[in-house]
Each structure stands twice: as structure tokens, then as C-alpha cells.
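Geometric and topological summary
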Amino acid sequence: DTGVSQNPRHKITKRGQNVTFRCDPISEHNRLYWYRQTLGQGPEFLTYFQNEAQLEKSRLLSDRFSAERPKGSFSTLEIQRTEQGDSAMYLCASSTSGSPNEQFFGPGTRLTVL
Amino acid sequence: AQKVTQAQTEISVVEKEDVTLDCVYETRDTTYYLFWYKQPPSGELVFLIRRNSFDEQNEISGRYSWNFQKSTSSFNFTITASQVVDSAVYFCALKVYQLIWGAGTKLIIKP
């Protein structure tokens, strides 16, 4: 079991550019979650998938954010036209559907928008 | 609406002292789960414990113990005989539908 992995670990971009992050969940986990965490705060829920279906998306999530999980395995999170306020740690977690959100987290991708 | 409050922003103690991290939650639902996670300086969140709303038994795991009291909507976490390696940010979270997180408590254990 290799755990949840995320790439890249760090991303620096200029305002207005698009960025894409990848998350590889634990192989037997069918649920995958994306969170955003800013300094001094707890994670903020963005969206989650069960297999390839995106079942919930936060109302706070801008239309510039989109996530996919095309084959029910890895997932990508894309942010279009990045803004300085998007700077944060983006966390991915996975779980089985039978375990009530005992989520296992990846190391995160730290995004800095200049 | 659900909410989790961790009123202690930062706690600093000397090694071997006992320390309690407070967590107060709000929900109108009768079925929910409570969690504690640890986030060390490396950044990766580590699951510590899950409790469902129907199980008020306290739990002890080594130097860690948790006190769940529905009457006060609290789920406090105590570390006994703290060690430097316990230094981290600790998050309490509530799940009804999705995880709702507290702001975390930064715990500093001084040698």
C-alpha cells in the first residue's frame, strides 16, 4: 500500500495561468476528495468522487475550478485563470465507501500564485 | 449548519506534561461522526480517531485519550506525558455529510 500520492508537491505560477494537479488514491479506495487549506485554517471541502462520478461540489467553489476522475482511479484538479487568492495547499484524500469518511490524505500540492 | 470550534490556537508545554486539546461542535443532526487528525510539520494529515454519535465511551490509545460528551457537545483530546514528537497541528472534524474542520490547535512540546 503506497498511500495517497499527489503531484506536483509545489507549483508556482503567474496570475492568469492555468494549473493542473494530480492525485493518485489508495488503489482499493473508490472515494476521492479534494480539499483546500490556507495557513492557520483547517481543510475546506471542495469536491468528491465515488468511482468516476462527481457526487458533490462545494457551493464556494468557483467556476474556474474543475475536477475529473475519468476512470475512477486518479483524479485531476484544474484551476483556470489563477488568482492570488488561489494560493493554498490543495489536499487529496481517499476512502472506501464502507468506512464513514475515515479518509487518508496525501502530502498535498502547495500552490503559489504570483 | 455544522460547526467545529477549537478555541486554543496554540499551546506550548514542556515535555512530559499532560495536555488537553479542546473541541466543541455544533450540529442539529443526531447521527454524526467526530474525528481527530494530526498534521505534523511535513504537512500530511494523519488520522487519529473516529467516534460516532451513539458511542460516548471514552477511548485510550497509549498516551492518547479522548473524552466525548454529548451533553456539552465536546470531543476533547488528551496527550499524557507529552513528547517532542507530538508537536504538530491537531484538527478536530465533524461529519454529517462532509467533513467540517476546526481551525486546528498548534501544539508545541519543548524539550
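Our subject in this report is the structure included herewith.

The rules behind these values
Residues numbered from 1 in each chain as written. Chains lettered and ligands numbered in written order. Predicted model: local features only at pLDDT ≥ 70, side-chain atom pairs only at ≥ 80, totals over all residues. Heavy atoms only, no water. Helix = DSSP H or I, 4+ residues; strand = E, 2+ residues; numbered from the N terminus. Rg over C-alpha atoms; globule rule 2.2 N^0.38 Å. Buried < 20%, exposed > 50% of the residue type's maximum accessible area, 1.4 Å probe, protein only. Contact = heavy atoms within 4.5 Å. Phe/Tyr/Trp six-rings, centres within 6.5 Å; stacked < 30°, edge-to-face > 60°. Lys NZ or Arg CZ within 6 Å of the ring centre and 35° of its normal. Disulfide = S-S within 2.5 Å. Core = buried A, V, L, I, M, F, W, Y, C linked by side-chain atoms within 4.5 Å. Pairing = 2+ DSSP bridges. Salt bridge = Lys/Arg side-chain N within 4 Å of Asp/Glu carboxyl O.

Considering the overall build of chain A
Across its full length, chain A carries zero helices and 11 strands. Since a compact globule built from 114 residues should have a radius of gyration of about 13 Å, the 13 Å found for chain A is in line with a globular shape. Each of the three principal axes of chain A carries a C-alpha extent, and together these read 40 × 25 × 25 Å. A buried classification covers 48% of the 114 residues belonging to chain A. Considering only contacts in chain A between residues 6 or more positions apart, those separated by 24 or more positions represent 54%.

Observations regarding the packing of aromatic side chains
Tallied over the full model, the rule gives 22 aromatic pairs over all chains. Consider the rings of Tyr64 of chain B and Phe77 of chain B, whose centres lie 5.2 Å apart with planes at 90 degrees: the pair is edge-to-face. Placement of the pair is Tyr64 of chain B in strand E8 (residues 64-69) and Phe77 of chain B in strand E9 (residues 74-79), with a sequence separation of 13 residues. Here the aromatic rings of Trp66 of chain B and Phe77 of chain B are separated by 5.0 Å at their centres, their planes lie at 5 degrees, and the arrangement is stacked. Of this pair, Trp66 of chain B sits in strand E8 while Phe77 of chain B sits in strand E9, and the two are 11 residues apart along the sequence. One aromatic cluster is present, built from ring pairs that chain together Tyr33, Tyr35, Phe45, Tyr48 and Phe105 of chain A together with Phe35, Tyr37, Phe47, Phe91 and Trp101 of chain B. The positively charged end of Arg22 of chain A is found above the aromatic ring belonging to Phe74 of chain A, 3.9 Å away from the centroid.

Some thoughts on the state of the cysteines
The final tally for this structure, using the stated rule, is two disulfides over all chains. Paired through a disulfide, Cys23 of chain A and Cys92 of chain A show a sulfur-sulfur distance of 1.8 Å. Residues Cys23 of chain A and Cys92 of chain A share a disulfide whose torsion about the S-S bond is about -65 degrees; that sign makes it left-handed. Of this pair, Cys23 of chain A sits in strand E3 (residues 19-24) while Cys92 of chain A is found in strand E9 (residues 88-95), placing the two residues 69 residues apart along the sequence. Of the two residues, Cys23 of chain A and Cys92 of chain A, both sit in the buried class. Note that Cys23 of chain B is cross-linked by a disulfide to Cys92 of chain B, the S-S spacing being 1.9 Å.

Looking at the nonpolar core
Counting 24 residues, the largest nonpolar core has Trp36, Phe77 and Tyr90 of chain B as the members making the most contacts within it. Elements with a minimum of two residues in this core: strand E2 (10-14), strand E3 (19-21), strand E5 (33-39), E8, E9, strand E10 (88-95) and strand E12 (105-110) of chain B. Ranked by the residues each element gives to this core, the list is headed by E10 of chain B, at four residues. Not counting chain neighbours up to four residues away, the residues in contact with Phe77 of chain B comprise Val19, Thr20, Leu21, Trp36, Leu48, Tyr64, Ser65, Trp66 and Tyr90 of chain B. Of all hydrophobic cores here, the second largest spans 19 residues; its members include Val4, Cys23, Phe65 and Leu77 of chain A.

Side note on the pairing of E9 of chain B
Residues and elements named next belong to chain B. Taken across its six residues, E9 has six buried, putting it largely inside the fold. Residue alternation in E9 divides its side chains into two sets, Ser74, Asn76 and Thr78 and Phe75, Phe77 and Ile79, and both sets are buried. With three bridges joining them, E3 and E9 adopt antiparallel strand pairing. The residue of E9 that forms the bridge with Val19 is Ile79. In this structure, E8 lies alongside E9, joined through six bridges in antiparallel fashion. Its bridge partner lying in E9, Asn67 is registered against Asn76. As consecutive antiparallel partners, E8 and E9 are separated by four residues, and within that stretch Ser73 has a phi angle of approximately 50 degrees, a positive value.

Notes on the pattern of salt bridges
All names here are of chain A. A full pass over the atoms with the stated rule returns eight salt bridges over all chains. Arg64 is the partner of Glu83 in a salt bridge, and the nearest nitrogen-oxygen pair spans 3.4 Å. A residue pair is termed long-range when its members are at least 10 positions apart, and Glu83 in the loop between strand E8 (75-79) and E9 and Arg64 in the loop between strand E6 (53-57) and strand E7 (65-68) qualify at 19 residues. On the basis of relative accessibility, which here comes to 39%, the residue Glu83 falls in the partly exposed class. Judged by its relative accessible area of 9%, Arg64 falls in the buried class.

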